[in-house]
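Structural characterization, general
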Amino acid sequence: MATDIKDTVRAVEAAAVMRLLPARPRLLALGEPTHGEDALLGLRNELFRQLVEQEGYRTIAIESDCMRGLVVDDYVTSGTGTLDEVMEHGFSHGWGTSAANRELVRWIRAFNNGRPASERLRFAGFDGPLEITGAASPRQALTALHGCLAARVDADLLPCTAETLDRLLGADARWTDPAAMTDPSRSVGQSAEAGQLRLLADDLVALLDAQTPHLITATSLDDWDRARLYGRTATGLLRYHYWMADTSPARMTRLIGLRDSMMAGNLLAAAERNPTLVHAHNSHLQRDKSTMRMWDQPLLEWWSAGALVNARLGKEYAFLATALGAIRHRGVGAPPPDTVEGLLYALPEDRCVIDAPRLATALAGTRPAPRVSPWFGYSPLDPAHLADSDGIVFVKDVPQS
């Protein structure tokens, strides 16, 4: 059996990853089972460089606010702002403090310097403007969408003025109250004003779609693509706020599903543009249903962004799950030998790529035990779903960042 497992091992290299797949996917998703470890982000950076240089990938999309990501994209494509400003304002979830993320942005900017626009690398955040404590005001996305249209289409076609949007939006603090996440009565998402904004956002997106030929000619494909992002984000945020005000038992399941639906929309847009490496938590990228326990809620189940994208793209979507041996600075020691991670930990390689379907075949009938992490921030592999990923990136020991 050990020989069979060794036969599934590959180097962590772009060429080795591509040999696992029938063809180069439009979206290659690299998951991680925990956040905030620069060793994993450094591995991501190395793989992205190889994918750019050897396989023609041109975009990296990470689990960060899609609106903030525009700040990073402007910097790496045209040098707008400074690296310090971009790291402060271009990332959500605190990712801007990461040395590995800083190195990624610096490298992309250096790669793009002097290259024609058609050859430049792109950066995207693909998460919505959402945090675990709530959601952003729809103001930025909604007013940006209105501004794009107001500058280029007949004013009579607009469903409202900018002043009307401003009045209906009110103070942003109404939308961002963190208490609304646990107290639906604090949310403004089902107010009369929010209802009017949802209708207006829908009309603005419909106008954007109807004016597509004119807008692409009058501006550029990139400007039109950015306007579509504004539209997806505005409608997604308004929908998310609506369900934050819900009091039914399905509230949290619906909110988590809406977040991944917004992610999926952004990933499909990236796939239309360029071959893209996606990096996020395994739970947002896996093909099978995702699960999570939150506060005093029952087990939550939802379809991840990866599952949604896979349903649309098929073989144009590929998923590599990352698994870890030990994260000792987090209290996660060597894995038990009867777990998948334990079997991989016994291999001599410090890091490797595993052919997941072949590993599942090699382990058929052995029933590896599911690993239980002593630290809530690390999610082990589910041995029942090994074959649902195209490969497993295994890192034996994660050093402290």
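Remember, predicted model here, so these are calculated numbers, not experimental data. (Residues numbered from 1 in each chain as written. Predicted model: local features only at pLDDT ≥ 70, side-chain atom pairs only at ≥ 80, totals over all residues. Heavy atoms only, no water.)

Here we look at the packing of helix H7 (residues 139-150) against helix H8 (residues 162-169)
Their axes nearest at 10 Å, the elements H7 and H8 cross at an angle of 170°. Considered as vectors, H7 and H8 are oriented roughly antiparallel to each other. Mapping the contact onto sequence places Arg139, Leu142, Thr143 and His146 in H7 and Ala162, Leu165, Asp166 and Leu169 in H8. Here the contact of H7 with H8 is built from residues that sort into four nonpolar, two polar and two charged. (Axes fitted to C-alpha atoms, helices over the stretch in contact; angles between N-to-C directions. Helix = DSSP H or I, 4+ residues; strand = E, 2+ residues; numbered from the N terminus. Parallel < 35°, antiparallel > 145°, perpendicular 65-115°, else oblique. Contact = heavy atoms within 4.5 Å. Nonpolar A, V, L, I, M, F, W, Y, C, P; charged D, E, K, R; others polar.)

A look at the sheet that holds strand S12 (residues 391-397)
Spatial ordering of the open sheet is given by S1-S11-S12-S10-S2-S7-S3-S4, a layout of eight strands whose pairing is mixed. Sheet topology places strand S1 (9-10) and strand S4 (122-127) at the edges, where each strand pairs with a single neighbour. Inspection of the sheet shows strand S3 (residues 59-65) paired to S4 by five bridges, in the parallel sense. Residue pairing in the sheet places Ile62 in a bridge with Gly125 of S4. (Pairing = 2+ DSSP bridges.)

Some thoughts on the pattern of salt bridges
Per the counting criterion, the structure on display carries 19 salt bridges. Arg102 is the partner of Asp84 in a salt bridge, and the nearest nitrogen-oxygen pair spans 2.5 Å. Of the two residues, Asp84 is situated in helix H5 (residues 83-89) and Arg102 in helix H6 (residues 99-112); the sequence distance between them amounts to 18 residues. Arg102 sits in the partly exposed class, given a relative accessible area of 33%. Salt-bridge contacts for Arg115 lead to Glu119; the nearest nitrogen and oxygen are separated by 4.0 Å. What makes Arg115 partly exposed here is its relative accessible area of 31%. (Salt bridge = Lys/Arg side-chain N within 4 Å of Asp/Glu carboxyl O. Buried < 20%, exposed > 50% of the residue type's maximum accessible area, 1.4 Å probe, protein only.)

Thoughts on the nonpolar core
Counting residues in hydrophobic clusters, the biggest one holds 44 residues, and the most contacted among them are Leu28, Phe48 and Val105. When sequence neighbours within four positions are dropped, the list of residues in contact with Val105 reads Val72, Tyr75, Val76, Leu83, Val86, Met87 and Phe91. Counting 35 residues, the second largest nonpolar core, distinct from the first, contains Ala264, Ala280, Ala305 and Ile354. (Core = buried A, V, L, I, M, F, W, Y, C linked by side-chain atoms within 4.5 Å.)

Considering unusual backbone geometry
Phi angles above zero are rare outside glycine, and His93 is one such case at about 60°. By the element assignment, His93 lies in the loop between H5 and H6.

A few points about H6
With 14 residues, H6 should cover 20 Å at 1.5 Å per step; its first-to-last C-alpha distance of 20 Å lies within 8% of that length. Those residues of H6 that sit buried are Ala100, Asn101, Leu104, Val105, Trp107, Ile108, Arg109, Phe111 and Asn112. The inward-facing, buried residues of H6 abut helix H3 (38-55), S3, helix H4 (66-78), H5 and S4. With a side-chain oxygen positioned 3.2 Å from the backbone nitrogen of Ala100, the residue opening H6 is Ser98. Phi turns positive one or two residues past the end of H6, at Gly114, with a value near 85°. (Expected span 1.5 Å × (residues − 1). Polar contact = N/O pair within 3.5 Å; in protein donor to acceptor, adjacent residues only side chain to side chain.)

A look at the environment of Asp177
Within the fold, Asp177 resides in the loop between helix H9 (173-176) and helix H10 (192-210). Look at Asp177 and you get buried, because its relative accessible area is 17%. Note: C-alpha distance between Asp177 and Ser137 (40 residues apart in sequence) is 9.8 Å. Polar side-chain contacts of Asp177 include one of 2.9 Å to the side chain of Arg186.

A short note on the side chain of Asn274
With respect to the element layout, Asn274 can be found in the loop between helix H13 (251-273) and strand S7 (276-281). A residue is classified by how much of its surface remains accessible, and Asn274, at 18% relative accessible area, is buried. Filtering out sequence-adjacent residues up to four positions away, Asn274 remains in contact with Arg26, Arg58, Thr59 and Arg122.

Focus on the packing of H10 against helix H12 (residues 221-244)
The angle between the axes and the distance between the axes are what describe a pair of packed helices. Remark: H10 packs on H12, axes separated minimally by 10 Å, with the N-to-C direction vectors making an angle of 155°. Classified by the angle between their axes, H10 and H12 sit roughly antiparallel to one another. Seen from above, H10 lies across H12 with left-handed handedness. Residue-level contacts link Ala194, Leu197, Arg198, Ala201, Asp202, Val205 and Leu208 of H10 to Trp224, Ala227, Arg228, Gly231, Thr235, Leu238, Arg239 and Tyr242 of H12. Tallied by class, the residues present in the contact of H10 with H12 amount to nine nonpolar, two polar and four charged. (Left-handed = near helix turned anticlockwise from the far one by under 90°.)

Considerations on the packing of aromatic side chains
Going through the model one piece at a time under the given rule, you end up with five aromatic pairs. Judged by centre distance (5.5 Å) and plane angle (40°), the ring pair of Trp107 and Phe111 falls under tilted. Of the two residues, Trp107 and Phe111 are both situated in helix H6; the distance of four residues between them amounts to about one turn of the helix. Ring geometry for Tyr242 versus Trp243: centroids 5.1 Å apart, planes at 80°, classification edge-to-face. One aromatic cluster is present, formed by Phe48, Trp107 and Phe111 through successive ring pairs. Directly above the aromatic system of Tyr57 lies the positively charged group of Arg24, at a separation of 5.9 Å from the ring centroid. The residue whose ring lies beneath Arg115 is Phe111, and the NZ or CZ to ring-centre distance is 3.7 Å. (Phe/Tyr/Trp six-rings, centres within 6.5 Å; stacked < 30°, edge-to-face > 60°. Lys NZ or Arg CZ within 6 Å of the ring centre and 35° of its normal.)

Here we look at the state of the cysteines
Counted by the stated rule, this structure contains zero disulfides. Counting only cysteine sulfurs, Cys66 is the nearest neighbor of Cys148, a cysteine outside any disulfide, at a range of 14 Å. (Disulfide = S-S within 2.5 Å.)

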